[in-house]
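# Summary of the model geometry
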Amino acid sequence: MEFFTYLQSLEDLIENSKKVPLSEKCIVDQEQVMDLIKEMRLKLPDELKQAKWVKEERERILAEARKEAEDVVKEAENRIISMIDEHEITKQAYEQKNQIMATANENARQITKGAREYADTILQSLSGTVEDVLKEIEKNRIELK
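Now for a quick tour of the structure. (Residues numbered from 1 in each chain as written. Predicted model: local features only at pLDDT ≥ 70, side-chain atom pairs only at ≥ 80, totals over all residues. Heavy atoms only, no water.)

Looking only at helices and strands, the protein chain has two helices and two strands in total. Secondary structure of the protein chain in N-to-C order comes out as α-β-β-α. In terms of overall dimensions, the protein chain is more spread out than a globule: its C-alpha atoms have a radius of gyration of 54 Å, far above the 15 Å expected for 145 residues. Taken along its principal axes, the extent of the C-alpha atoms in the protein chain is 170 × 30 × 20 Å. Out of the 145 residues in the protein chain, the part that is buried amounts to 6%. Sequence-distant contacts, at least 24 apart, represent 47% of the contacts inside the protein chain between residues at least 6 apart. (Helix = DSSP H or I, 4+ residues; strand = E, 2+ residues; numbered from the N terminus. Rg over C-alpha atoms; globule rule 2.2 N^0.38 Å. Buried < 20%, exposed > 50% of the residue type's maximum accessible area, 1.4 Å probe, protein only. Contact = heavy atoms within 4.5 Å.)

Spelled out as C-alpha cells, the structure:
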C-alpha cells in the first residue's frame, strides 16, 4: 500500500467509527489505528526516499536546463559579436574598394588626358608637316606650269 492509501484508510476508520453521543468525538479501534500507523511508519521512509529522489532529479534537470540555456545565450552572444565583426570587415572592405575605384578612375582620367595631349601634339606636328608638304607640292605645281 502506498502512504496515501494508509491515510485514506485512517480517515475511513475515523469516519466510520461510532460517535460519542452529544459530542463530535468518536470511538476508534485502537489496534486498527496502531496497525495503520505502524504500516505508515514502515512505508514512510520509502515514500520519503522516492520524494527525495524526485526532488533531486527535478533539481538536476533544472540545473541542466539552466546550463543549456546559458550555453545557448553565450553562443548567441558570440554569434552576434562575430556578425558585427564580419559587418565591420565588410564595411571596411567596401570603403577600401571605393577608395581603390576612385584612385583607378582618377588614374584613368589622367592617362586619358595625357593620351589626348600626346595625340594632339602629334597631330599638330603632323599638321605642320602636312602644311609644309602641301606648300612644297603647290610650289612644284607652279614650277611645272
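A cluster of nonpolar residues, Leu123, Leu126, Val130, Val133, Leu134 and Ile137, forms a patch on the protein surface that exposes about 540 Å² of accessible area. You can see Leu126 is positioned in helix α2 (residues 30–144). Judged by its relative accessible area of 47%, Leu126 falls in the partly exposed class. (Patch = residues over 30% accessible without salt bridge, like charges linked within 9 Å, V, L, I, M, F, W, Y side chains within 5 Å. Areas by Shrake-Rupley, 256 points an atom, 1.4 Å probe, with all protein chains shown as cover. Salt bridge = Lys/Arg side-chain N within 4 Å of Asp/Glu carboxyl O.)

Before going further, it helps to examine the side chain of Ser17. Along the chain, Ser17 turns up in the loop between α1 (3–15) and β1 (18–19). Judged by its relative accessible area of 12%, Ser17 is buried. Polar contacts involving the side chain of Ser17 include one to the main-chain carbonyl oxygen of Ile14, which spans 2.7 Å. What Ser17 contacts, discounting residues up to four positions off in sequence, is Cys26, Ile27 and Val28. (Polar contact = N/O pair within 3.5 Å; in protein donor to acceptor, adjacent residues only side chain to side chain.)

Tallied over the entire structure, the rule returns six salt bridges. Of the charged contacts in the structure, one is a salt bridge between Lys67 and Asp71, with a shortest N-O distance of 3.0 Å. Taken together, the positions of Lys67 and Asp71, both in helix α2 and four residues apart, correspond to about one turn of that helix. The partly exposed category is assigned to Lys67, whose relative accessible area is 48%. Take Asp71: its relative accessible area is 36%, and that puts it in the partly exposed class.

Time to look at the nonpolar core. Ranked by size, the top nonpolar core spans seven residues in total: Phe3, Tyr6, Leu10, Leu13, Val33, Leu36 and Met40. Take this core: its biggest share by element is four residues, from α1. Apart from residues lying up to four places away in sequence, Val33 is in contact with Leu10, Leu13 and Val28. (Core = buried A, V, L, I, M, F, W, Y, C linked by side-chain atoms within 4.5 Å.)

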